[in-house]
Amino acid sequence: MQNTPLADLSLQQLKRAITIRERIEGFERELNRIVGGERSAKLAVPPKKRRKLSAAARAKISAAMKARWVRRRGPKQDSAKPVSPPARRQSGPGPLRDRIIQVLKAAGKSGVTIKDVAAKLGTSHGNVSYWFYTTAKGVKEIRKIARGRFAWMS
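Residues numbered from 1 in each chain as written. Predicted model: local features only at pLDDT ≥ 70, side-chain atom pairs only at ≥ 80, totals over all residues. Heavy atoms only, no water.

Side note on the overall build of the protein chain
Counting secondary structure elements, the protein chain contains 5 helices and 3 strands. Along the protein chain, helices (α) and strands (β) appear in the sequence α-α-α-β-α-α-β-β when read from the amino end. Summarising the internal contacts of the protein chain: among those between residues at least 6 apart in sequence, 45% fall at separations of at least 24. Accessible area of the protein chain: about 14,100 Å², with a carbon and sulfur share of 54%. (Helix = DSSP H or I, 4+ residues; strand = E, 2+ residues; numbered from the N terminus. Contact = heavy atoms within 4.5 Å. Areas by Shrake-Rupley, 256 points an atom, 1.4 Å probe, with all protein chains shown as cover.)

This is the structure in structure tokens:
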């Protein structure tokens, strides 16, 4: 086959070259099936060998993981001792909403910035900002005065 740039070939010549290439590939597949399904040397990739861990190695890894979990969680509590549950902080939308509204009411008509609300409540700025731009849209009395500044309008 000549080394002719594809740009110099006509559309009919390109179509003919494609059909010839498809026929050649079909013949190669058929020949491979006849010969025994062997692939050409450049296409064949040897399968990767799976390594196996010995029982001792698996036990060693298991012991290391269990030790790491104990360090992370702390030692197991004795079931005979009554343990009081850890103090839980309030969660859910209600408590944060009420606390933000109190801060807004205290600020008056001049409003308060999100950063100031977060500082007064001891909550992260991102948490309060997310609340204002999502949940606060459903509260009619909260008005946006400026960028990042909100006020309670009753």
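Here we look at helix α5 (residues 125-133)
Residues of α5 that are buried include every one of V128, S129, W131 and F132, and no others. Looking straight down α5, one finds that the buried residues subtend no more than 160 degrees of arc, so they occupy a single side. (Buried < 20%, exposed > 50% of the residue type's maximum accessible area, 1.4 Å probe, protein only. Arc of directions from axis to C-beta.)

Overview of the sheet that holds strand β3 (residues 149-152)
In spatial order, the strands read β1-β3-β2; together these 3 strands make up an open sheet with antiparallel pairing. Two strands in the sheet have a free side with no partner beyond their single neighbour: β1 (112-113) and β2 (142-146). Summarising the sheet, β1 and β3 pair through 2 bridges and their orientation is antiparallel. Looking across to β3, one finds that V112 is bridged to F150. (Pairing = 2+ DSSP bridges.)

Remarks on the packing of aromatic side chains
Counting across every chain of the model gives 3 aromatic pairs. The interplanar angle of 85 degrees and the centroid separation of 5.4 Å between the aromatic rings of W131 and F132 together place this pair among those described as edge-to-face. The class of F132 is buried, set by a relative accessible area of 2%. Each ring, one from F132 and one from F150, has its centre 4.4 Å from the other, and the planes form 15 degrees; the classification is stacked. On the criterion of sequence distance, the pair formed by F132 in helix α5 and F150 in strand β3 is long-range, its members being 18 residues apart. Note on accessibility: F132 and F150 belong to one class, buried. (Phe/Tyr/Trp six-rings, centres within 6.5 Å; stacked < 30°, edge-to-face > 60°.)

Observations concerning the environment of F132
Between the C-alpha atoms of F132 and I142, which are 10 residues apart in sequence, the distance is 9.0 Å. When residues no more than four places from it in sequence are discounted, the contact partners of F132 are I100, L104, I114, V117, K137, I142 and F150.

Regarding the pairing of β3
Relative to β3, β2 runs antiparallel, the two being bridged by 4 bridges. Bridge assignment links A146 to a residue of β3, and that residue is R149. In this antiparallel pair of consecutive strands, β2 and β3, the connection spans 2 residues, and G148 shows a positive phi of 75 degrees.

Some remarks on the environment of A146
Assignment of secondary structure puts A146 in strand β2. In the structure, A146 is positioned 35 residues away from G111 in sequence and 9.2 Å away in space, judged by C-alpha atoms.

Overview of a nonpolar patch on the surface
Taken together, the side chains of L31, I34 and V35 define a hydrophobic patch exposed on the protein surface, amounting to about 320 Å² of accessible area. When its relative accessible area of 54% is taken as the criterion, V35 is described as exposed. (Patch = residues over 30% accessible without salt bridge, like charges linked within 9 Å, V, L, I, M, F, W, Y side chains within 5 Å. Salt bridge = Lys/Arg side-chain N within 4 Å of Asp/Glu carboxyl O.)

Describing the nonpolar core
I100, L104, V117, V128, W131, F132 and I142 are the most contacted members of the largest nonpolar core, which totals 18 residues. For this core, the elements supplying multiple residues, two or more each, are α3 (93-107), α4 (114-121), α5 and β3. Among the elements that take part in this core, α3 stands out by supplying 5 residues, more than any other. Apart from residues no more than four positions distant in its own chain, I142 is found in contact with L104, W131, F132, A136, F150, A151 and W152. (Core = buried A, V, L, I, M, F, W, Y, C linked by side-chain atoms within 4.5 Å.)

The quantities given are spatial measurements derived from coordinates; they are silent on function.
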